[in-house]
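Observations on the model geometry
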Amino acid sequence: MKKILIPLTALCLTLSGCAELQQVASQIPQAGNILTTADIAAGLREALDKGIDTQVTKLTQTDGFYKNQLVKILLPAELQKVDKTLRDIGLGSLADEGLKMMNRAAEDAVKEATPIFVTAVKEITFTDVRNILMGNDEAATSYLRTKTTTQLYAKFNPVIKSSFSKVGADKVWKNIITRYNQVPLVNKVNPDLTDYVTNEALDGVYKMIAVEEKDIRTNVNARTSTLLKKVFSAQDSK
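Residues numbered from 1 in each chain as written. Predicted model: local features only at pLDDT ≥ 70, side-chain atom pairs only at ≥ 80, totals over all residues. Heavy atoms only, no water.

1. Side note on the pattern of salt bridges
- All told, the structure shown has 8 salt bridges when counted by the stated rule.
- A salt bridge links D203 to R145; its shortest N-O distance comes to 3.4 Å. You can see D203 sitting in helix 10 (residues 193-218) and its partner R145 sitting in helix 8 (residues 139-166), a full 58 residues away along the chain.
- With a relative accessible area of 36%, R145 lands in the partly exposed category.
- Among the charged side chains, a network of salt bridges with common partners joins D63, K67, R104 and E107. (Salt bridge = Lys/Arg side-chain N within 4 Å of Asp/Glu carboxyl O. Helix = DSSP H or I, 4+ residues; strand = E, 2+ residues; numbered from the N terminus. Buried < 20%, exposed > 50% of the residue type's maximum accessible area, 1.4 Å probe, protein only.)

Here it is, written out as structure tokens:
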């Protein structure tokens, strides 16, 4: 049977009652020991905490994006020609600095994510639980993406704009774009980098949550406590 997901928490407190969660539990083959509703709720809560601690929190650290090849924010297609042109005329260090500052802004923004995820998890309905529980390896991540993208964009965008200003990225990118636009015969560019970095930061967050979700669903060694082993072992086979 499909494995349980990471991002569910405190279901007994947020669904219409523990009886509903027990209906889910009754469909799960029990691995030797009795698996109670309380076990499932506690296990899901612990799994969520693990996912946030090991993945989303990492992204908020210095180089959380910049040195993580899964989520590192690269230049949009429109600016890839800018990057190449700057390097061709000996301004590679300026191009590198602009790239790093985009990732720094994303690292700042992700600090706003955790409370929104917690709220989304609390709003999970019984139908959501069934769909996620029986879904694919990224079912929980897909649920969070659907429920939180609009709110996270609204949170991330002003933080990224502010971060650009704080670290001087707005001036660096103005300089980069100005220098590029002065090169003879090039098509001038004026991209909305705040919007671009906001969307890239969102994609990075969901990508790392999906990594952790799949690990807990499929890798026994990722279940680092007795409770996680007990709860998730029930989902290891049909």
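2. Section: the side chain of E107
- Assignment of secondary structure puts E107 in helix 5 (residues 92-109).
- A relative accessible area of 2% places E107 in the buried class.

3. Topic: the packing of helix 5 against helix 9 (residues 169-181)
- Packing of helix 5 against helix 9 brings their axes to within 10 Å, and their N-to-C directions diverge by 140 degrees. One finds that helix 5 runs oblique with respect to helix 9. Here the hand of the crossing between helix 5 and helix 9 comes out left-handed. Judged by residue contacts, L94, E97, G98, L99, M101 and M102 of helix 5 engage A169, V172, W173, N175 and I176 from helix 9.
- Of the residues that constitute the contact of helix 5 with helix 9, the class distribution is 8 nonpolar, 2 polar and 1 charged. (Axes fitted to C-alpha atoms, helices over the stretch in contact; angles between N-to-C directions. Parallel < 35°, antiparallel > 145°, perpendicular 65-115°, else oblique. Left-handed = near helix turned anticlockwise from the far one by under 90°. Contact = heavy atoms within 4.5 Å. Nonpolar A, V, L, I, M, F, W, Y, C, P; charged D, E, K, R; others polar.)

4. Topic: the nonpolar core
- With 50 residues, the main nonpolar core has M102, F117, F156 and V197 as its most contacted residues.
- Within the residue set of this core, elements represented by two or more residues are helix 3 (37-59), helix 4 (77-88), helix 5, helix 6 (113-122), helix 8, helix 9 and helix 10.
- For this core, the element with the highest residue contribution is helix 10, accounting for 9 residues.
- Leaving out residues up to four positions away in the same chain, F156 has contacts with A109, V110, E112, A113, T198, A201, L202 and V205.
- In terms of nonpolar packing, the next biggest core, distinct from the first, is built from 6 residues, A47, I216, A222 and F232 among them. (Core = buried A, V, L, I, M, F, W, Y, C linked by side-chain atoms within 4.5 Å.)

5. A short note on the confidence of the model for the protein
- Residues at a pLDDT of 70 or more form 74% of the protein, whose mean pLDDT is 77.
- Averaged pLDDT values for the elements of the protein fall to 40 in helix 1 (residues 11-14) and rise to 89 in helix 10.
- For the stretch residues 1-18, pLDDT sits under 50, and the model shows 72 contacts to residues farther than four places along the chain or on other chains. (pLDDT = per-residue confidence, 0-100.)

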